[in-house]
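So the chains spell out like this:
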Amino acid sequence: MAQSFKEALNSGKFIITSEIGPPKGTNLEKMRHHIDLLRDKVDGLNVTDHQSSVMRFPSIGGCLEIKEHGGEPILQMTCRDRNQMALQAELLLAYTRGIRNVLCLTGDSIPIGDHKEAKGVFELDSVQLLRTIRQMESGKDLGGNALDGAVEFCAGAIVTPEANPIEPQLIKFEKKIEAGAEFIQTQAIYDLDNFRKFMEYARKFPVKILAGIVLLVSARMAKYMNENVPGIFVPQNLIAELEAAPKGEALNKGIEIAGRMIAALKKDSICDGVHLMAIGREEVVPDILAAAGINGHKP
Amino acid sequence: MKSITRQKPLEEIEQQLEGLERAYIIGCGTCTTMTKTGGREEVLDMKERLQGLGKMVTGWTVIPIACDEMTEASLKENDGAIRSADCLLVMSCALGVQKAGSYSGKPVIPALDTLFIGVEDKPGYFHEVCDQCGHCVLGYTAGICPITACHKGLLNGPCGGTNNGKCEIDKEKDCAWTLIYQRLKAQDRLDLMRKYQPPKNSQVIPRPRLARIL
Ligand code: SF4
Ligand code: SF4
């Protein structure tokens, strides 16, 4: 029997998680392929929840697939699409199907997605969702009513270590930990010195930190993210490295950079693990791990 | 404080007027005059445009405050022109539309969309200030409303989409939580931001909202 994510978190080993993006439609082939490819190489597989507000196969559906295929799912739950009743109901369903890990997110805004006239719910925020889980664990729902059978989750949240200004983010980070977050998966980080500084601060809190690693596939992507993705800062030297890569080799360079960063984070025990986001290129995650010198990670 | 409105496209007004040939136009001397969406000038302009569509305008008026009791008195003065109309085309905010609708028994057609309750920053620029949520939290947020100024209406601090003080939905819009943070910090009251805020009560007064205030 494989280790649960929570056991892995508490084992003291360097944690690896990765993410799966569900399909837009009912063709699950590609997602199943990614699950088969990754489930034994990581400690947990996140399933995104209509990422970037693009309507897709649901996160919980992806988690059930992972469960059925012997993997350890991490259910990403945003507050964008469901009110408190729907969120709690889904937590009940998740628990009864053996899903034990939840990543609590506020969720992206509707206008950036592909249903631009839809209603954004945001009745709860990420901090309130974390507290909801803790309350349901005590046997009561948000209405204060008794549950016939409680839940138990390993709950996590996110932080953006490169945000500017940083203090409001850190205040919220601390509220998330107070609300019961056991692990934090960060937004993509690229500058290890900055991240080290963040970790000096974050180490003071009783929470496991997994550094977000987003695979760079080209210099163009790096520049695009610098301009358009909040809280992501790819330093110039990495962009130059990608630019210098021979034609057709930028992806390999990106794999090398990601592998190198993971190896450095692991070697110096800067944080408790990494969360790999290969957005649309999940099939190269094993290559990134190999580049980091990590093979056959999970027992 | 104003009701901020925007004129509907003429096409939509025409669709609403289907089968209604004779219109009486009502403007408002308060909010829609200030926003230049339903004052005297705009009413006269609408009159011409309706005539251009082949409609008959039986009369028009600009009520000083279309949402209050005076609406009834003002409309009485124009009873004849109103009676001979098939409908009232109202160029006030939705409050005046409803008021006119309850008074006359005639079909009412809104010519404007009521956008929000807001204030004017500079001529022609408005921003929303309050969503009348029923439980005001301005005391914790340095007087900046997180329900209306934050796209997601968050209560416990910024989302991950905030960037250099701007909101994830628009680089031109300020992030409410950056503003709240800055003001609380200047007041040395950041502890308020650290305090957990529970979910908002969405049913302070279940709709339809009625209140008796003694
Ligand atoms: S919190 Fe905002 S929406 Fe609610 S009453 Fe106060 S100003 Fe209005
Ligand atoms: S960026 Fe700021 S204003 Fe916009 S949704 Fe996030 S917290 Fe709210």
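Reading the values: rules and limits
- Residues numbered from 1 in each chain as written.
- Chains lettered and ligands numbered in written order.
- Predicted model: local features only at pLDDT ≥ 70, side-chain atom pairs only at ≥ 80, totals over all residues.
- Heavy atoms only, no water.
- Helix = DSSP H or I, 4+ residues; strand = E, 2+ residues; numbered from the N terminus.
- Rg over C-alpha atoms; globule rule 2.2 N^0.38 Å.
- Buried < 20%, exposed > 50% of the residue type's maximum accessible area, 1.4 Å probe, protein only.
- Contact = heavy atoms within 4.5 Å.
- Areas by Shrake-Rupley, 256 points an atom, 1.4 Å probe, with all protein chains shown as cover.
- Lys, Arg positive; Asp, Glu negative; His and termini not counted.
- Charge placed at Lys NZ, Arg CZ, Asp CG, Glu CD.
- Buried area = accessible area lost by both parts, 1.4 Å probe.
- Salt bridge = Lys/Arg side-chain N within 4 Å of Asp/Glu carboxyl O.
- Polar contact = N/O pair within 3.5 Å; in protein donor to acceptor, adjacent residues only side chain to side chain.
- Nonpolar A, V, L, I, M, F, W, Y, C, P; charged D, E, K, R; others polar.
- Pairing = 2+ DSSP bridges.
- Axes fitted to C-alpha atoms, helices over the stretch in contact; angles between N-to-C directions.
- Domains from an automatic or database assignment.
- Near = heavy atom within 4 Å.
- Phe/Tyr/Trp six-rings, centres within 6.5 Å; stacked < 30°, edge-to-face > 60°.

Draft legend 1. Inspection of the overall build of chain A at higher detail. Looking only at helices and strands, chain A features 11 helices and eight strands. A compact globule built from 299 residues should have a C-alpha radius of gyration of about 19 Å, and chain A, at 19 Å, falls within 12% of that. Looking at the 299 residues of chain A, the share that counts as buried comes to 56%. Sequence separation of at least 24 residues holds for 76% of the intrachain contacts in chain A that already meet a minimum separation of 6. Carbon and sulfur atoms make up 51% of the accessible area of chain A, which amounts to about 12500 Å² in all. Side chains of chain A give 35 positive and 39 negative charges; the mean places of these two sets differ by 1 Å.

Draft legend 2. Helix H8 (residues 176–186) of chain B, seen in detail. Those residues of H8(B) lying buried are B:Ala176, B:Trp177, B:Thr178, B:Ile180, B:Tyr181 and B:Leu184. Taken from the residues just after H8(B), B:Asp188 is the one with a positive phi, measuring 55°.

Draft legend 3. Main features of the interface of chain B and chain A. In this assembly, 29 residues from chain B lie in contact with 28 residues from chain A. With both chains or domains summed, chain B and chain A bury close to 2500 Å², and 52% of this area falls on carbon and sulfur atoms. Linking chain B to chain A there are two salt bridges. Measuring nitrogen to oxygen at the nearest pair gives 3.1 Å for the salt bridge that ties A:Glu167 to B:Lys185. Our enumeration of links across chain B and chain A arrives at 17 residue pairs in polar contact (both at pLDDT 80 or more). For the side of chain B that touches chain A, the elements supplying multiple residues, two or more each, are H8 and helix H9 (191–194) of chain B. Considering each element in turn, the side of chain B that touches chain A owes the most residues, three residues, to H8(B). When its residues are assigned to classes, the side of chain B that touches chain A shows 11 nonpolar, 12 polar and six charged.

Draft legend 4. Local environment of the sheet that holds strand E3 (residues 56–63) of chain B. All names here are of chain B. Across the sheet, which stays open at both edges, the four strands sit in the order E3-E2-E4-E5 with parallel pairing between neighbours. Here the strands that pair on one side only, and so sit at the sheet edges, are E3 and strand E5 (108–110). Going across the sheet, the axis of each strand differs from the next one's by a mean of 25°, ignoring polarity. In terms of strand pairing, strand E2 (residues 22–28) meets E3 through seven bridges, oriented parallel. What sits directly across from alanine 23, in E3, is valine 57. The sheet contacts of helix H6 (residues 94–104) involve E2, strand E4 (87–91) and E5, and relative to E4 the element is tilted by about 160°.

Draft legend 5. Region of the structure containing the domain arrangement of chain B. Along its sequence, chain B is carved into domain 1 (2–116) and domain 2 (131–194). Its C-alpha centre places domain 1 of chain B at a distance of 37 Å from the equivalent point of domain 2 of chain B.

Draft legend 6. View of the site of ligand 2. If you check the shell around ligand 2, you find B:Cys150, B:His151, B:Lys152, B:Pro158, B:Cys159, B:Thr162, B:Cys167, B:Glu168, B:Cys175, B:Ala176 and B:Trp177 and nothing else. Residue composition of the shell around ligand 2, by class: seven nonpolar, two polar and two charged.

Draft legend 7. The environment of B:Val90, seen in detail. Residue and element names in this part refer to chain B. Note on placement: valine 90 falls in strand E4. Residues valine 90 and glycine 27 lie 63 residues apart in sequence; the distance between their C-alpha atoms is 6.2 Å. Discounting residues that sit within four places of it in the chain, valine 90 has contacts with Ile26, Gly96, Val97, Ala100, Val108, Ile109, Pro110, Ala111 and Leu112.

Draft legend 8. Layout of the side chain of B:Glu42. All names here are of chain B. On the secondary structure map, glutamate 42 appears in helix H3 (residues 40–52). Within the buried set, glutamate 42 has no salt-bridge partner at all; the shortest N-O distance to an opposite charge, 6.3 Å, is to lysine 36. The residues contacting glutamate 42, other than those within four sequence positions of it, are Gln7, Thr32, Lys36, Thr37 and Met91.

Draft legend 9. Up close: the packing of aromatic side chains. Residues and elements named next belong to chain A. Under the defined criterion, the tally for this structure stands at eight aromatic pairs over all chains. Each ring, one from phenylalanine 5 and one from phenylalanine 183, has its centre 5.0 Å from the other, and the planes form 85°; the classification is edge-to-face. Within this pair, whereas phenylalanine 5 is found in helix H1 (residues 5–11), its partner phenylalanine 183 is found in strand E6 (residues 183–188), the two being separated by 178 residues in sequence. Taking relative accessible area as the criterion, phenylalanine 5 reaches 0% and is therefore assigned buried. Taking 6.0 Å as the distance between ring centres and 85° as the angle between the ring planes, the aromatic pair formed by tyrosine 95 and phenylalanine 153 counts as edge-to-face. Of the two residues, tyrosine 95 sits in helix H4 (residues 84–96) while phenylalanine 153 sits in the loop between helix H5 (126–137) and strand E5 (154–159), which places them 58 residues apart along the sequence.

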